[in-house]
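Structural overview
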Amino acid sequence: MSLRWRLTLLSALVMAVVFAIFGTIAYFTVSLFLYRAVDDNLERQVAATLIYGLSRPGTDISQLGDRDEIGTVFYTVIDTEGVVRYPTRSVFISDPMYNQAMSGSTVKSTQTLSDGTRVRVLSAPIRIPTGTIVGVLQAITPLDMTDHLLNELKVFLGVAAFILLIVAAAGSYILTGRTLRAVESITRKAHQIELSQDLTQRIPSRGTDDEVGHLVDTFNQMLSRLQAAFEAQRRFIADSSHELRTPITVIKSNMHLLRRTTDPAERTELIDITEAEVSRLNRMVNDLLYMAQMQAGHDLKPVLRHVELDSLLLDVFARTRSIAALKNQKVMLVHEDIAACIGDRDQLQHLLLNLADNATKYTPEGGTIALGLWQDDGWARLEVSDSGPGIPEEDLPHIFERFFRTPDARQTVRGGSGLGLAIVKTIAQAHGGRIEVFSKVGEGTTFRLWLRLVPESATPAPDDEPFVPKQLQEAEGPAATI
Ligand code: ADP
């Protein structure tokens, strides 16, 4: 059964229950009023008859019933012996009613006569002025009028409920149809998009601030994100295959030349170049695997732990020193505050090693590399500076893009993958941090990483919104920030 029919039936069912409850209440309230009116009338008539009849001394009690019958009330008079003294209609009066009346109470009951007529009977004691009970006066009124009215009311309520039920069901059928039409159009469009695989398509926005409008907006946002993700993936694959092809081509042609040349100097040079290209390929594959892993989500969400940044920086410092020694570079730890953050130690180490590795790679022999860690207004500030060639201003906005290498770097430094800073950026963002770069050609480069300090006695709060420190917002034009 369709959702539309199910909703219609459900609302009809709810309406039926509501009508049944209200109809029953209305019916019983009216019947209560009508029966009470009948009883009131009987009581008034009996009281009038007794007052009028007994006010004349020496009245025979059989005369009490012999009155011009007013309306539809009839009387029976029974004496103390239980003999019916004035029968206008033969009504069976049960012993309990008679006995109760004889003992001084007024009793009311509903009875059905032998011809099937339902009547209301009121039995009252006939008490003479001395207080003695001399018989029972029984007033009888047929209930056919009241029953008829109640039957009519029953029919009316039934018909009204039926009509209202039909109207409510039709209304709900039309309304759910309208609402579901919008949902159906979303489903159709989604199906179309799925068939055509065209993620540029969007569902026309309804511009309404309701559930369906929100569904459309959310669906469109999801499409935009999917489109961006597919686009990024496509570009990544295209870029990767292009970049991987270059070193392979160089290696292949060098091998070819090696077979042909006999000149030892030329052979050594070819082997050097080939070795550099192999190490570049190796690095590129490793970086690609690292990125792919992160993008697959395995490591993208960092394993959040308490990371002591000062001890991490010491590790990086030691490793950098041994690499820098090969180029006679000087590595300094210029400042080290004690600082900790919540994050993934392995990822943060990878990030810092990438920066330090770049510093040693691009800084010429004998240059200087400086590492530092400061506590700064709730943030940890880590810096990796070098006295290298610097990065031209026009290249700064691009250095965090995948496979971007400055033309200078392409020429002078072999073995780079162009992925290191893209990885740095991804890790920094996954930690809710920021990274800035300051560089001047001929003077050097400084990479500055901001990580939120772990508050005293705090537990990891991975979902917290990253907070931008004041000095970052006000910083006088950092060359590039992510
Ligand atoms: P690569 O593997 O080429 O080093 P990265 O993504 O790590 O790739 O860096 C991108 C580019 O940024 C480098 O090719 C280089 O041009 C520039 N770069 C990065 N760090 C430095 C630095 N410390 N000094 C000068 N240039 C740098």
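This report concerns the structure included in the present document. (Residues numbered from 1 in each chain as written. Predicted model: local features only at pLDDT ≥ 70, side-chain atom pairs only at ≥ 80, totals over all residues. Heavy atoms only, no water.)

Concerning the packing of helix 7 (residues 309-325) against helix 8 (residues 345-362)
- Two elements in contact, helix 7 and helix 8, have axes whose closest approach is 10 Å; the angle formed by their N-to-C orientations is 35 degrees. As for how helix 7 packs across helix 8, the hand of that crossing is right-handed. Side by side, helix 7 and helix 8 meet where L309, S311, L312, L313, D315, V316, R319, T320, I323 and A324 of the first sit next to R345, L348, Q349, L352, L353, A356 and T360 of the second.
- Residue classes in the contact of helix 7 with helix 8 are distributed as 10 nonpolar, 4 polar and 3 charged. (Axes fitted to C-alpha atoms, helices over the stretch in contact; angles between N-to-C directions. Helix = DSSP H or I, 4+ residues; strand = E, 2+ residues; numbered from the N terminus. Left-handed = near helix turned anticlockwise from the far one by under 90°. Contact = heavy atoms within 4.5 Å. Nonpolar A, V, L, I, M, F, W, Y, C, P; charged D, E, K, R; others polar.)

Topic: the site of the ligand
- Among the 20 residues in the neighbourhood of the ligand, the closest are listed as N358, Y362, R405, T406 and S417.
- T406 is positioned such that a nitrogen or oxygen atom in its side chain is 2.8 Å from an oxygen atom of the ligand.
- Interatomic distance of 3.0 Å between a backbone N/O atom of G418 and an oxygen atom of the ligand.
- Bound to the protein, the ligand loses 99% of the 530 Å² it would expose on its own.
- Secondary structure elements with two or more residues in the shell around the ligand: helix 8, helix 10 (420-430) and strand 12 (444-452).
- Broken down by element, the shell around the ligand gets its largest block of residues, 4 residues, from helix 8.
- For the shell around the ligand, the class distribution of residues is 9 nonpolar, 7 polar and 4 charged. (Near = heavy atom within 4 Å. Polar contact = N/O pair within 3.5 Å; in protein donor to acceptor, adjacent residues only side chain to side chain. Areas by Shrake-Rupley, 256 points an atom, 1.4 Å probe, with all protein chains shown as cover.)

Re a nonpolar patch on the surface
- Among the surface-exposed residues, L3, L7, L10, L13, V14, V17, V18, I21, F22 and I25 lie close enough to one another that they form a single nonpolar patch of about 910 Å² accessible area.
- Relative to the helices and strands, I25 is located in helix 1 (residues 3-54). (Patch = residues over 30% accessible without salt bridge, like charges linked within 9 Å, V, L, I, M, F, W, Y side chains within 5 Å. Salt bridge = Lys/Arg side-chain N within 4 Å of Asp/Glu carboxyl O.)

Some details on the packing of helix 4 (residues 144-196) against helix 5 (residues 211-260)
- Close contact between helix 4 and helix 5 brings their axes to 10 Å; oriented N to C, the two are set at 10 degrees. Here helix 4 is positioned roughly parallel relative to helix 5, judged by the angle of their axes. Each of T179, A182, V183, I186, A190 and I193 in helix 4 lies in contact with helix 5, whose residues at this interface are V212, L215, V216, F219 and L223. (Parallel < 35°, antiparallel > 145°, perpendicular 65-115°, else oblique.)

With respect to the pairing of strand 1 (residues 74-79)
- Taking burial as the measure, the 6 residues of strand 1 include 6 buried ones, the bulk of the element.
- Both faces of strand 1 are covered, namely the face carrying F74, T76 and I78 and the face carrying Y75, V77 and D79.
- As judged from the 6 bridges shared by strand 1 and strand 5 (residues 133-142), these two strands associate in the antiparallel manner. In the strand pairing of strand 5, V77 is matched with L137. (Buried < 20%, exposed > 50% of the residue type's maximum accessible area, 1.4 Å probe, protein only. Pairing = 2+ DSSP bridges.)

Quick notes on the packing of aromatic side chains
- Applying the stated criterion across every chain, the model contains 3 aromatic pairs.
- Here the aromatic rings of Y27 and F28 are separated by 5.5 Å at their centres, their planes lie at 85 degrees, and the arrangement is edge-to-face.
- Where F400 meets F447, the ring centres are 6.3 Å apart and the plane angle is 90 degrees; that geometry is what we call edge-to-face. Taken together, the positions of F400 in the loop between strand 10 (379-386) and helix 9 (407-412) and F447 in strand 12 put the pair 47 residues apart, joining distant regions of the chain.
- Taking relative accessible area as the criterion, F400 reaches 5% and is therefore assigned buried.
- A cation sits over an aromatic face here: R4 above Y173, 3.8 Å from the ring centre.
- Between the NZ or CZ atom of R381 and the centre of the ring of W374, over which it lies, the distance is 4.4 Å. (Phe/Tyr/Trp six-rings, centres within 6.5 Å; stacked < 30°, edge-to-face > 60°. Lys NZ or Arg CZ within 6 Å of the ring centre and 35° of its normal.)

Some points on unusual backbone geometry
- In this model, N328 sits at a positive phi of 55 degrees, which is unusual for a non-glycine residue.
- Tracing the backbone shows N328 in the loop between helix 7 and strand 7 (330-336).
- A positive phi angle is found at D377, which is not glycine, with a value near 50 degrees.
- Tracing the chain through its elements places D377 in the loop between strand 9 (368-376) and strand 10.
- Here D377 falls in the partly exposed class, since its relative accessible area comes to 49%.

Brief notes about the environment of T446
- Tracing the chain through its elements places T446 in strand 12.
- Under the relative-accessibility criterion, T446 is labelled buried at 18%.
- When the C-alpha atoms of T446 and S385 are compared, they prove to be 4.1 Å apart, with 61 residues separating the residues in sequence.
- If sequence neighbours within four positions are ignored, T446 has contacts with E383, V384, S385, E436, V437 and F438.
- A distance of 3.1 Å separates the side chain of T446 from the side chain of S385, its partner in a polar contact.

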